[in-house]
Amino acid sequence: PILDAAQVANMLSVAVGLGITGTVASTWLGCRVGLTIPLVAGLAVQGVSCLVTAMCTSSSQLWLVSIINMTTWYFVFPYIMGLSAALDRSGRLPTAVGAAYVVGSSVAAPLAGVFVDRGSFLGIGLLSLLLCAASGTFALCVSRMSSTQTATPVRRLTSVAEIH
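The rules behind each value
Residues numbered from 1 in each chain as written. Predicted model: local features only at pLDDT ≥ 70, side-chain atom pairs only at ≥ 80, totals over all residues. Heavy atoms only, no water. Helix = DSSP H or I, 4+ residues; strand = E, 2+ residues; numbered from the N terminus. Buried < 20%, exposed > 50% of the residue type's maximum accessible area, 1.4 Å probe, protein only. Contact = heavy atoms within 4.5 Å. 1 Å grid on protein atoms, 1.4 Å probe; cavity = no way out; pocket = protein on both sides within 12 Å on 5 of 7 lines; lining within 4 Å. Points joined across faces, edges and corners; volume = space filled by probe spheres on them. pLDDT = per-residue confidence, 0-100. Expected span 1.5 Å × (residues − 1). Bend = angle between axes of the 7 residues up to and from the residue. Axes fitted to C-alpha atoms, helices over the stretch in contact; angles between N-to-C directions. Nonpolar A, V, L, I, M, F, W, Y, C, P; charged D, E, K, R; others polar. Core = buried A, V, L, I, M, F, W, Y, C linked by side-chain atoms within 4.5 Å. Phe/Tyr/Trp six-rings, centres within 6.5 Å; stacked < 30°, edge-to-face > 60°. Lys NZ or Arg CZ within 6 Å of the ring centre and 35° of its normal.

1. Quick word on the overall build of the protein
Turning to step 1, where the next piece is worked out: The helix and strand tally for the protein stands at five helices and zero strands.
Turning to step 2, where the next piece is worked out: Along its sequence from the N terminus, the protein presents helices and strands in the succession α-α-α-α-α.
Turning to step 3, where the next piece is worked out: Burial statistics for the protein: of 164 residues in total, 25% are counted as buried.
Turning to step 4, where the next piece is worked out: Long-range contacts, defined as pairs at least 24 residues apart, comprise 72% of the intrachain contacts of the protein with a sequence gap of at least 6.

2. Observations concerning the layout of surface pockets
Turning to step 1, where the next piece is worked out: Of the volumes computed, that of the largest pocket is approximately 2000 Å³.
Turning to step 2, where the next piece is worked out: Lining the largest pocket are 48 residues, and of these Gln46, Cys50, Asn69, Ala108 and Ser128 lie nearest its centre.
Turning to step 3, where the next piece is worked out: If you list the elements that add at least two residues to the lining of the largest pocket, you get helix H1 (5-29), helix H2 (36-54), helix H3 (59-87), helix H4 (92-117) and helix H5 (121-148).
Turning to step 4, where the next piece is worked out: Ranked by residue count, the leading element in the lining of the largest pocket is H4, at 14 residues.

3. Description of the confidence of the model for the protein
Turning to step 1, where the next piece is worked out: In this model, the protein carries an average pLDDT of 82, and 87% of its residues clear a pLDDT of 70 or more.
Turning to step 2, where the next piece is worked out: Model confidence for the protein, summarised as mean pLDDT per element, is weakest for H5 at 81 and strongest for H2 at 90.
Turning to step 3, where the next piece is worked out: In this model residues 150-154 is a low-confidence stretch, pLDDT under 50, and it forms two contacts with partners more than four residues away in sequence or in other chains.

4. Looking at H4
Turning to step 1, where the next piece is worked out: Its 26 residues place the ends of H4 38 Å apart at the C-alpha level, agreeing with the 38 Å of an ideal helix rising 1.5 Å per residue.
Turning to step 2, where the next piece is worked out: Considering bend angle alone, the principal kink of H4 is centred on Ala108 and spans about 30°; proline Pro110 follows within four residues of it.

5. Overview of the packing of H3 against H4
Packed helices, taken two at a time, are described by the angle between their axes plus the distance between the axes.
Turning to step 1, where the next piece is worked out: Packing of H3 against H4 leaves a shortest axis separation of 8 Å and a crossing angle of 145°. Of the residues in H4, those touching H3 at Trp73, Phe77, Ile80, Met81, Ser84, Ala85 and Leu87 are Leu93, Pro94, Val97, Gly98 and Tyr101.
Turning to step 2, where the next piece is worked out: For the contact of H3 with H4, a count of residues per class yields 10 nonpolar, two polar and no charged.

6. Quick look at the nonpolar core
Turning to step 1, where the next piece is worked out: Listed in full, the 11 residues of the largest apolar core are Leu29, Leu35, Leu39, Leu43, Phe75, Val76, Tyr79, Leu83, Cys132, Ala139 and Val142.
Turning to step 2, where the next piece is worked out: Those elements that provide at least two residues to this core are H2, H3 and H5.
Turning to step 3, where the next piece is worked out: With four residues, H3 is the largest single contributor of residues to this core.
Turning to step 4, where the next piece is worked out: In contact with Val142, other than residues within four places in its own chain, are Leu83 and Leu87.
Turning to step 5, where the next piece is worked out: Membership of the second largest hydrophobic core comes to five residues, among which are Leu3, Cys56, Leu62 and Val65.

7. Some thoughts on the environment of Leu111
Turning to step 1, where the next piece is worked out: Inspection of the secondary structure puts Leu111 in helix H4.
Turning to step 2, where the next piece is worked out: Taking the C-alpha atoms as reference, Leu111 lies 8.6 Å from Ile124; in sequence the two are 13 residues apart.

8. Some details on the packing of aromatic side chains
Turning to step 1, where the next piece is worked out: A full pass over the atoms with the stated rule returns four aromatic pairs.
Turning to step 2, where the next piece is worked out: Ring geometry for Trp73 against Tyr101: centres 5.3 Å apart, planes inclined by 20°, an arrangement best described as stacked. Pair noted here: Trp73 is in helix H3 and Tyr101 is in helix H4, with a separation of 28 residues, a long-range link.
Turning to step 3, where the next piece is worked out: Note on Tyr101: relative accessible area 37%, which makes it partly exposed.
Turning to step 4, where the next piece is worked out: Site record: aromatic cluster; members linked through ring pairs are Trp73, Phe77 and Tyr101.
Turning to step 5, where the next piece is worked out: In this arrangement the basic side chain of Arg32 is found over the ring face of Trp28, its NZ or CZ atom lying 4.6 Å from the centre.

Set out below in structure tokens:
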């Protein structure tokens with residue numbers, strides 16, 4: 001292996017810490033170019049970085065790609081939540097999306113273990129790329145469907161009393 005378990009833990013800690021810059025970037029960019037373009041572009045970068053992660057041959061490559069991967073994830077996730085919130089103002093869909101993220105995270109480690117046991121790091125990368133491509137395609141379709149429907153304008157609240 002390129003890194004031992006302690007080195008992987010350190011690498012992931014640093015990658016997550018630096019990955020927060022993705023959230024800063026998505027906060028700064030906001031909806032200036034809509035939800036779809038940043039989401040699909042981010043998913044494309046995410047998928048490619050997952051594939052490249054599976055093909056790394058040195059620890060420095062793995063560190064760099066892991067940081068890119070985490071940064072991209074933290075950039076993309078707010079757009080995923082934003083698109084789901086735009087589609088369902090009641091909040092049920094964003095809640096389901098958040099739950100799907102938790103379920104996906106819990107399934108990912110054992111699934112990756114199966115691939116690793118079979119000696120296929122490339123399989124993990126290809127599966128990740130495929131899932132990102134499917135997610136990007138889904139986001140494009142959903143975005144097109146939602147843009148053809150007339151949205152109900154949201155009235156700006158001027159006080160807390162107006163919430164009830």
